[in-house]
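Spelled out from the first residue to the last, the chains are:
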Amino acid sequence: MWFLLIILLTPLPGINHVAVLNTFTTYEACQPERDRIGFEMAESYPYENNFRIVCEFREAKPSLVPVYHERHARSPFTLTPSQPLAQ
């Protein structure tokens, strides 16, 4: 399973340095979302470079679950297989 992760390069006390943003079945499905989030984060935080947004293959483990908002309701910006791409 492919995980879209945010990795804090300088973690703060009490905050996990890796957070799962979403999960995907293929790298090809993960990469566009990685790019979108990466570009938006770079635009929103132009002087911050203490994080990385990456697609990484990992074996599924119960401890690796998407952050709260993705567990309970898909983000409106995340495409599902039933949603066509806007033309």
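Structure: above.
To start, this report covers the structure provided alongside it. Within each chain, residues carry numbers counting from 1 in the order of the written sequence. Residues qualify for local features only when their pLDDT is at least 70, as the model is predicted, and side-chain atom pairs are given and counted only at 80 or more; totals for whole chains, interfaces and linings, by contrast, use all residues. Remark: hydrogens and water are excluded; side-chain values derive from all non-hydrogen atoms of the structure.

1. Concerning the pattern of salt bridges
Any carboxyl oxygen of Asp or Glu that lies within 4 Å of a side-chain nitrogen of Lys or Arg is treated as forming a salt bridge with it. Throughout the structure, instances matching the rule amount to four salt bridges. Across the pair Arg36 and Glu33 runs a salt bridge, and its minimum N-O distance is 2.8 Å. Separated by three residues within a single helix, Arg36 and Glu33 lie in helix H1 (residues 27-44), roughly one turn from each other. For Arg36, a relative accessible area of 23% corresponds to the partly exposed category. Residue Glu56 is joined to Arg58 by a salt bridge in which the shortest nitrogen-to-oxygen separation is 2.5 Å. Only protein chains enter the area calculation, which uses a 1.4 Å probe; residues under 20% of their type maximum are buried, those over 50% are exposed, and those in between are partly exposed. Residue Glu56 is classed as partly exposed on the basis of its relative accessible area, which comes to 27%. Owing to a relative accessible area of 26%, Arg58 belongs among the partly exposed residues under this scheme. Shared partners join several salt bridges into a network, and the residues in it are Glu33, Arg36 and Glu40. Counting from the N terminus, the helices are the DSSP runs of H or I reaching at least four residues and the strands are the DSSP runs of E reaching at least two.

2. Brief notes about the pairing of strand E1 (residues 2-8)
Among the seven residues that make up E1, five are buried, leaving the element largely enclosed by the rest of the structure. As paired elements, E1 and strand E3 (residues 51-57) share seven bridges and run antiparallel to each other. Its bridge partner lying in E3, Trp2 is registered against Phe57. Two strands qualify as a pair provided DSSP detects at least 2 bridges between them.

3. Remarks on H1
Here the expected length of a helix is defined as 1.5 Å per residue gap, with one fewer gap than residues. Between its first and last C-alpha atoms H1 spans 25 Å; for 18 residues at 1.5 Å apiece the expected length is 26 Å, and the two agree. Every buried residue of H1 is listed here: Cys30, Glu33, Ile37 and Gly38. All buried residues of H1 project into a common sector of 140° when viewed along the axis, lining one side. Across from the buried face of H1, at angles greater than 90 degrees, the exposed residues are Glu28, Pro32, Phe39 and Glu43. Directions drawn from the helix axis to the C-beta atoms are what define this arc.

4. Examining the sheet that holds strand E2 (residues 18-24)
With antiparallel pairing, three strands are arranged side by side in an open sheet as E2-E1-E3. The open sheet has two edge strands with one neighbour each: E2 and E3. Between one strand and the next, the sheet's axes are offset by a mean angle of 25°, whatever the strand orientation. Contact criterion: two residues are considered in contact whenever any of their non-hydrogen atoms come within 4.5 Å of each other. Axis lines are fitted to C-alpha atoms, over the contacting stretch for helices. Their N-to-C directions set the angle, which ranges from 0 to 180 degrees. Docked against the sheet, H1 engages E1, E2 and E3, running at close to 175° with respect to E3.

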